[in-house]
Amino acid sequence: MRRFLLLFLLLLPVPQSARAHGKTENVIVVTLDGFRWQELFTGADETLLDKKSGGVRDLEGLKERFWRKSADERRQALLPFFWDTIAVKGQIFGDPSRKAVSKLNNGLKFSYPGYNEMFCGFADPKIDSNDKKPNPNLSVLEFLNDKPAYKNRVAAFCTWDVFPSIFRSKQNGLLVHAGWTMIKDKPLGPRQQFLNEMMDQLPRYWPGNVFDTITQEAAREHILRHKPRVLYLGLGETDEWGHGRRYDLYLDAANKNDRYLKDLWETLQKTPEYAGKTSLLITTDHGRGSTRVNWTDHGKDVPGAEYIWIAVLGPDTPGLGVRADVETTQAQVAATIAQLLGEDFRAASPKAAAPLPMVK
Ligand SMILES: [Zn+2]
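Residues numbered from 1 in each chain as written. Predicted model: local features only at pLDDT ≥ 70, side-chain atom pairs only at ≥ 80, totals over all residues.

**Describing helix H4 (residues 71-78)**
Inclusion rule: Residue burial here comes from a neighbour count, namely the number of other C-beta atoms, placed from the backbone, that lie within 10 Å of the residue's own C-beta, with 20 or more meaning buried, 12 or fewer meaning exposed, and in between meaning partly exposed. Helical segments are the DSSP runs of H or I of at least four residues, strand segments are the runs of E of at least two, and each set is numbered from the N terminus. The directions from the helix axis to the C-beta atoms are what the arc is built from. Contact definition: two residues whose C-beta atoms, as placed from backbone geometry, lie within 7 Å.
Taken as a whole, H4 has its buried residues at Arg 74, Arg 75 and Leu 78. Across the axial projection of H4, the buried residues extend over an arc of 95°, all falling on one side. Close packing links the buried residues of H4 with helix H2 (37-42), helix H3 (59-66), helix H5 (80-89) and helix H13 (247-269).

**Describing the packing of H5 against H13**
Short version of the rule: Lines fitted to C-alpha atoms define the axes, with helix axes restricted to the stretch in contact, and inter-axis angles between N-to-C directions lie between 0 and 180 degrees. Angles below 35 degrees are treated as roughly parallel, those above 145 as roughly antiparallel, those between 65 and 115 as roughly perpendicular, and all remaining angles as oblique. Following the grouping adopted for this structure description, the nonpolar residues are Ala, Val, Leu, Ile, Met, Phe, Trp, Tyr, Cys and Pro, the charged ones are Asp, Glu, Lys and Arg, and the polar ones are all others, Gly among them.
The N-to-C vectors of H5 and H13 enclose an angle of 40°; their axes lie 8 Å apart at closest approach. Relative to H13, the element H5 is oriented oblique. Judged by residue contacts, Pro 80, Phe 81 and Phe 82 of H5 engage Asp 258, Leu 261 and Lys 262 from H13. Grouping the constituent residues of the contact of H5 with H13 by class yields 4 nonpolar, no polar and 2 charged.

**Considerations on the environment of Phe 81**
Structurally, Phe 81 can be placed in helix H5. Phe 81 sits 176 residues away from Asn 257 along the chain, and the two C-alpha atoms are 9.7 Å apart. Apart from residues no more than four positions distant in its own chain, Phe 81 is found in contact with Ile 86, Asp 258, Leu 261 and Lys 262.

**A short note on the pairing of strand E9 (residues 310-313)**
The cut-off we apply is this: Any two strands between which DSSP finds at least two bridges are classified as paired.
Alternating positions in E9 separate into two faces, Ile 310 and Val 312 on one and Ala 311 and Leu 313 on the other, with burial throughout. When strand E2 (residues 91-93) meets E9, the two strands line up antiparallel, connected through 3 bridges. Paired with Gln 91 across the strands is Val 312, a residue of E9. In this sheet, E9 lies alongside strand E7 (residues 278-283) in antiparallel orientation, the contact comprising 4 bridges. Looking at the pairing, Leu 280 lines up with Leu 313 of E9.

**Structural notes on the packing of helix H10 (residues 190-201) against helix H11 (residues 212-226)**
Note the threshold: In a left-handed crossing the near helix is turned counterclockwise from the far helix by less than a right angle, and in a right-handed crossing that turn is clockwise.
The N-to-C vectors of H10 and H11 enclose an angle of 160°; their axes lie 10 Å apart at closest approach. Relative to H11, H10 is oriented roughly antiparallel. Taken as a pair, H10 and H11 cross one another with a handedness that is left-handed. Residue-level contacts link Arg 191, Gln 192, Leu 195, Met 198 and Met 199 of H10 to Ile 214, Glu 217, Ala 218 and Glu 221 of H11. When the residues that make up the contact of H10 with H11 are grouped by side-chain class, the tally is 5 nonpolar, 1 polar and 3 charged.

**Quick notes on the sheet that holds E2**
Pairing is mixed across the open sheet formed by 8 strands, whose spatial order is E5-E4-E6-E1-E7-E9-E2-E10. Of all the strands in the sheet, just strand E5 (175-178) and strand E10 (321-322) have a single pairing partner and so form its edges. As defined by bridge partners, strand E1 (residues 26-32) adjoins E7 across 6 bridges and the pair is classed as parallel. Within E7, the position partnered with Val 30 by the bridge is Ile 282. Contacting E1, E7 and E9, helix H14 (residues 332-340) runs over the sheet at an angle of about 170° to E7.

**A closer look at the nonpolar core**
Put simply, the rule reads: Core membership is restricted to buried Ala, Val, Leu, Ile, Met, Phe, Trp, Tyr and Cys residues, and these are joined into a nonpolar core through C-beta atoms within 7 Å.
Ranked by internal contacts, the top residues of the largest apolar core, which has 96 residues, are Leu 141, Ala 156 and Ala 334. Counting residues per element, this core draws most heavily on H13, which supplies 8 residues. Ignoring any residue separated from it by four or fewer positions in sequence, one finds Leu 141 in contact with Phe 119, Val 154, Ala 156, Phe 167, Leu 174, Val 230 and Tyr 232.

**Regarding the environment of Asp 258**
Among the secondary structure elements, Asp 258 is positioned in helix H13. Residues Asp 258 and Phe 81 lie 177 residues apart in sequence; the distance between their C-alpha atoms is 5.9 Å. Aside from chain neighbours lying at most four places away, what touches Asp 258 is Leu 79, Pro 80, Phe 81 and Phe 82.

**A look at the sheet that holds strand E8 (residues 307-308)**
On the basis of which strands lie adjacent, the open sheet formed by 3 strands has the order E8-E3-E11 and mixed pairing. Each edge of the open sheet is held by one strand with a lone partner, namely E8 and strand E11 (328-329). With 2 bridges joining them, strand E3 (residues 102-103) and E11 adopt parallel strand pairing. Note that in E11 the partner of Ser 102 across the bridge is Thr 328.

**As for the pairing of strand E4 (residues 154-158)**
Regular strands place side chains that alternate from one sheet face to the opposite one. With respect to burial, E4 is a largely interior element, 5 of its 5 residues being buried. Going residue by residue along E4, you find Val 154, Ala 156 and Cys 158 tucked away on one face and Ala 155 and Phe 157 tucked away on the opposite face as well.

**Considerations on unusual backbone geometry**
For the bond running from Lys 186 to Pro 187, omega is -10°, close enough to zero to count as cis. Within the secondary structure, Pro 187 sits in the loop between E5 and H10. The phi torsion at Lys 99 lies on the positive side, around 55°, for a residue other than glycine. Relative to the elements of secondary structure, Lys 99 occurs in the loop between E2 and E3. A positive phi is found at Asp 325, a non-glycine position, where the angle reads about 55°. With respect to the secondary-structure elements, Asp 325 resides in the loop between E10 and E11.

**What to know about the confidence of the model for the chain**
Quick note on the threshold: For every residue, the predictor reports its confidence as pLDDT, a number between 0 and 100.
Across the chain, the average pLDDT comes to 95, with 94% of residues at or above 70. A low-confidence stretch, residues 14-19 stays under pLDDT 50, and its non-local contacts, those more than four residues away or across chains, total 3 contacts.

Structure representation (structure tokens):
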């Protein structure tokens, strides 16, 4: 009898947590703060290409760069890496025209609640401000950094200075470089020294948020010098220029983020520690309004700012392109990051949502 039971157990499907994982050994996560699904899926918005609603200064120049007749051409002009590479070899969730919205569970629709939901796997009503208070919840970055295989091989580079609190790095020792703080390394390389000089020279246009290029280059240097297994890059200019009603600079920021991602991806594919065994997940913390008046804003009273998008590229993500007929939430990001590495975040944090369904 017992023998039959054993045989029966062997025939049961292997539970997800015990599944041998795929090829992914490293994960890079990137966020474009408050970048709307509208621009991702349809490119530049004609109703904002003006001085009054969009605050556009060089209208002809902007149109030349990003205005095209069809939505497909516009999104391709704005985000060529997303549309030439991720949409072909990876997957993109969140296209409302394909019955595939991606939504926040938190009703607050601003940054700290969003990053908590994304990295801790659930919406927490106790997180109701952007104040620099340590997060009471375990993030997937802390979960991984606590494992011997990832110890001190997890890092976050973020333009916004609230991230040390979001990841409670003072408590857990996670490496989080944020805002206008100088880059620390032992020893500092020449590019890192130069970035620190630039931070000293640049105008502090947003006191709590450094320009994307500084953080992007600091992250690239960290990758090349230290070969982290998990790196998070949090970018902020799309949100800042949005609040500033500068649609021209909002589009430029997204376009430059896309160019950086293409270059980073190509560099990873030429680096033995990363080539063919690295996954990339790109998303946003919230959407924004959809009208000529409120596209600049987000928050609980802004209709539509709960809609986001999530893109994944890597050796374990079948090239299904823009996903259809699948609704997802921001809370699924945390367990997805762990699952790509063959780890089960929900075993440590049972409130976390299930990973994204990347295979049909
Ligand atoms: Zn904002």
